[in-house]
Structures are given as C-alpha cells and as structure tokens.
Amino acid sequence: LILRAQSIGLPIVLIPIVLVIMSLAYSLSAYPIGVLSDRVNRLTLLVLGLILLLVADLALAFASDLVWVGIGVVFWGLHMGFTQGLLATLIAETAPAELRGTAFGMFNLITGVAQLVASVVAGTLWDMADPQGTFLAGAAFTLLTLAGLFVIRRRLRGRADV
C-alpha cells in the first residue's frame, strides 16, 4: 500500500497517512462487524470481506491518482475489519478446547509463512511487471479464494455457527 501510494506520487513525508487511513478503516469496521458476526452467517461475512479485498486490489491496480489509491487503502482496511476477527472466531469455535492454543499457533505460523511467500511473490511481480500486475495478481488470488470457499461451502453449511 505504501509503495503504491509512493509510486503514484505521494510525498515521502506523507507516507504514514497511508497506514493511518488503512488502520482507521480497519478499526472503525472491526467492532460493528464483530457484533454482526454474532447475528448473521459468518461465511457470508467472510465472502463480503474477500469482495472488499477484490475491490481494493482493483482500485490499487488501476489507480491513476492519489484519490484512487486512497479508495483502495480504505477498502483494504475494511477487508481487514471484516476478516481478521472473524478468522480468529472461527478458529476459537471450531478447535477442540484442549487444542485451541495449538490451533491459534498453527494459524499464526501458517499465516506468517503465507505472508512471507506473498511478499516475495508481490515483490517479484512489482519488479517484473509493475504495480498494476502485482495488484491484479492479488485480485486473481482473491478470486481463487472465493472459488475455494464456494467449493467447501457444503462442508461448512453443516455448522450452525458458520
């Protein structure tokens, strides 16, 4: 997000505003979505969160000015607000009580490794293609994730809490 804003022309002195905007969107959406997740289907909220990520990726891929970068950053923060607490809730509710700590540890290990791999892939794409290619690849991975969710949806439907 920071590199994209800089590539569009955001002065380096204003770069922290990117993280402020993303964090603000994340923090303002996390609590209401958490409350909503106690009342509605969690899989639906996860899908909505991924759609927000798709919108963010597309906005950032095709951004031609700082307004579009800002829109992408806001949608990225909203995606985080929709998904991060929800994923933790799903782990807490599905892991057996005696393995809950292990489940969170594995989740964080796998997430960290995935973020490392994703960062290497994104950096490579940024150098080989350009920022647009990087965010279009992110959009493609998001679409694959959505497709995967629909494939496993039947297995998840059997759970009242998902």
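Further up the page is the structure itself.
The notes below deal with the structure included here. Residue positions are given per chain, counted from 1 along the sequence in the order it is written. Per-residue local features of the predicted model are confined to residues with pLDDT of at least 70, and side-chain atom pairs are confined, for both listing and counting, to 80 or more; whole-chain, interface and lining totals are unaffected and use all residues. Note that the side-chain values use all heavy atoms of the structure and ignore hydrogens as well as water.

## Re the pattern of salt bridges
- Salt bridge, as used here: a side-chain nitrogen of Lys or Arg that lies within 4 Å of a carboxyl oxygen of Asp or Glu. Enumeration according to the criterion identifies 2 salt bridges in this entry.
- A salt bridge links R42 to D38; its shortest N-O distance comes to 3.2 Å.
- Of the charged contacts, one joins E93 and R42 as a salt bridge, the two residues approaching to 2.6 Å between their closest N and O atoms. Note that E93 is positioned in helix α4 (residues 66-94) and R42 in helix α3 (residues 42-61), a separation of 51 residues in sequence. Secondary structure elements follow DSSP: runs of H or I no shorter than four residues count as helices, runs of E no shorter than two count as strands, and numbering proceeds from the N terminus.

## Some thoughts on the side chain of S29
- By secondary structure assignment, the location of S29 is in helix α2 (residues 16-37).
- Note on classification: 1.4 Å probe, protein chains only; a residue is buried when its accessible area is under 20% of the maximum for its type, exposed when over 50%, partly exposed between these limits. In this structure S29 comes out as buried when scored by relative accessible area, which is 7%.
- Those residues in contact with S29, other than ones at most four positions away along the chain, are G77, L78 and G81. We call two residues in contact when some of their heavy atoms are within 4.5 Å.

## Description of the packing of α4 against helix α5 (residues 100-128)
- Each axis is a line fitted through C-alpha atoms, taken for helices only over the stretch in contact, and angles between the N-to-C directions span 0 to 180 degrees. Between α4 and α5, the least distance of the axes is 9 Å, while the angle of their chain directions is 145 degrees. The two elements α4 and α5 cross, and the hand of that crossing is right-handed. Of the residues in α5, those touching α4 at L87, A88, I91 and A92 are R100, A103, F104 and F107. Take the far helix as the reference: if the near one is turned anticlockwise from it by less than a right angle, the crossing is left-handed, and if turned clockwise, right-handed.

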